[in-house]
Amino acid sequence: MESKLSLAEFRTRLQSNTEIGSLKANLSLFRIFPRFGGTKPFYGLFDEKSFRLTLNSRTSPTYFIIRGNYKNSNNRVNVSYIVEPNSKFQLIWTRFSPVVFLIIINVFFLFFGRGLRRATTIVSLFLLILIFYSRWKEERKRKKLERNFVRIFEIKM
C-alpha cells in the first residue's frame, strides 16, 4: 500500500502520534497508572524502516498490533503492514475461556444442580451472549486500530 505522505512526513507523524514503549510492558503498572498529559493514539516502537504499534488506551487495551515496514520509492512511502495478535496466549484466552467456562458451568449444573434446569438455561444463555459479545468487541477493536492507522498515515488501499 502507498501513503500520500513523504518519508519525512511519515516519520514525523510516527513520532507525533506514538507514545514510545515496549508492547510487552503494555499491561504493566507503568501502563495502568500512566503519567498525566495528552495522549497519543498509538503506543509502541518504531525505527527507520519498521514499526510495531497498538492503540494507546489505558481503559480498554487491545490485543492486536500493527506490525509493518515502510520504505521510500518515487517520493512516496510504500507501507506493508499486518494486524496481528500481540500474544497468542491472549488471543486464545479471549476466544476460548468463555467457551470453557460455559462447559464447566453446564457440567456443574448437570451433576450438582439437578433441580435447577431454569437456572442452567438462564446462565447458559447469558454466557452465550457474553461469548458472542466478546468476539464482536475484539473484532471491532482490531478494525478501529487499522482504521486509525490508515487515516492518520493517509494510506491508500
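Keep in mind that what you see is a predicted model, and the values were worked out from it rather than measured.

*Asks:* Account for the overall build of the protein chain, naming residues and giving values.
*Replies:* The helix and strand inventory of the protein chain stands at 4 helices and 7 strands. Taken from N to C terminus, the helices and strands of the protein chain fall in the order β-α-β-α-β-β-β-β-α-α-β. Here the protein chain holds 157 residues, and the buried ones make up 34% of them. For the protein chain, the share of sequence-separated contacts (at least 6 apart) that also reach a separation of at least 24 residues comes to 56%.

*Asks:* I'd like a description of the packing of aromatic side chains, backed by residues and values.
*Replies:* Aromatic ring pairs are reported here in terms of the distance separating the ring centres and the angle at which the planes meet. Evaluation of the coordinates by the stated rule reveals 12 aromatic pairs. Arranged with centres 5.3 Å apart and planes meeting at 35°, the rings of F51 and F149 form a pair that is tilted. Of this pair, F51 sits in strand 4 (residues 50-55) while F149 is found in helix 4 (residues 117-152), placing the two residues 98 residues apart along the sequence. The class of F51 is buried, set by a relative accessible area of 2%. Aromatic rings pair up to connect F10, F42, F51, Y70, Y81, F149 and F153 into one cluster.

*Asks:* Explain the pattern of salt bridges to me, using residue names and the numbers behind them.
*Replies:* According to the stated counting rule, one finds 7 salt bridges in the structure shown. R11 is the partner of E48 in a salt bridge, and the nearest nitrogen-oxygen pair spans 3.1 Å. Here R11 lies in helix 1 (residues 7-17) and E48 lies in the loop between strand 3 (42-46) and strand 4, a separation of 37 residues in the sequence. Judged by relative accessible area, E48 falls into the partly exposed class, the value being 48%. Residue classification places R11 among the partly exposed residues on the basis of a relative accessible area of 28%. Two residues, K141 and E138, come together in a salt bridge whose shortest N-O distance is 3.7 Å. Here E138 and K141 lie together in helix 4, a separation of 3 residues that amounts to about one turn.

*Asks:* Explain the pairing of strand 3 to me, and be specific about the residues and the numbers.
*Replies:* In this structure, strand 2 (residues 18-20) lies alongside strand 3, joined through 3 bridges in parallel fashion. The residue bridging T18 from the neighbouring strand is F42, located in strand 3. Of the pairings in the sheet, the one linking strand 3 to strand 4 comprises 5 bridges and is antiparallel in character. Bridge pairing in strand 4 places G44 opposite L53. Where strand 3 folds back onto strand 4 in an antiparallel hairpin, the turn is made up of 3 residues.

*Asks:* Go over the side chain of E138 with me, naming the residues and quoting the values.
*Replies:* Taking relative accessible area as the criterion, E138 reaches 15% and is therefore assigned buried. Ignoring any residue separated from it by four or fewer positions in sequence, one finds E138 in contact with Y63 and F64.

*Asks:* Kindly report on the confidence of the model for the protein chain, identifying the contributing residues and their values.
*Replies:* The predicted model of the protein chain averages 82 in pLDDT, with 89% of residues at 70 or higher. The low-confidence segment residues 28-38, where pLDDT is below 50, has 10 contacts with residues more than four positions distant or belonging to other chains.

*Asks:* Lay out the sheet that holds strand 7 (residues 155-156) in plain terms, naming residues and giving numbers.
*Replies:* If you walk across this open sheet you meet the 7 strands as 2-3-4-5-6-1-7, and the pairing is mixed. Of all strands in the sheet, those with a lone pairing partner are strand 2 and strand 7, marking the two edges.

What counts and how
Residues numbered from 1 in each chain as written. Predicted model: local features only at pLDDT ≥ 70, side-chain atom pairs only at ≥ 80, totals over all residues. Heavy atoms only, no water. Helix = DSSP H or I, 4+ residues; strand = E, 2+ residues; numbered from the N terminus. Buried < 20%, exposed > 50% of the residue type's maximum accessible area, 1.4 Å probe, protein only. Contact = heavy atoms within 4.5 Å. Phe/Tyr/Trp six-rings, centres within 6.5 Å; stacked < 30°, edge-to-face > 60°. Salt bridge = Lys/Arg side-chain N within 4 Å of Asp/Glu carboxyl O. Pairing = 2+ DSSP bridges. pLDDT = per-residue confidence, 0-100.

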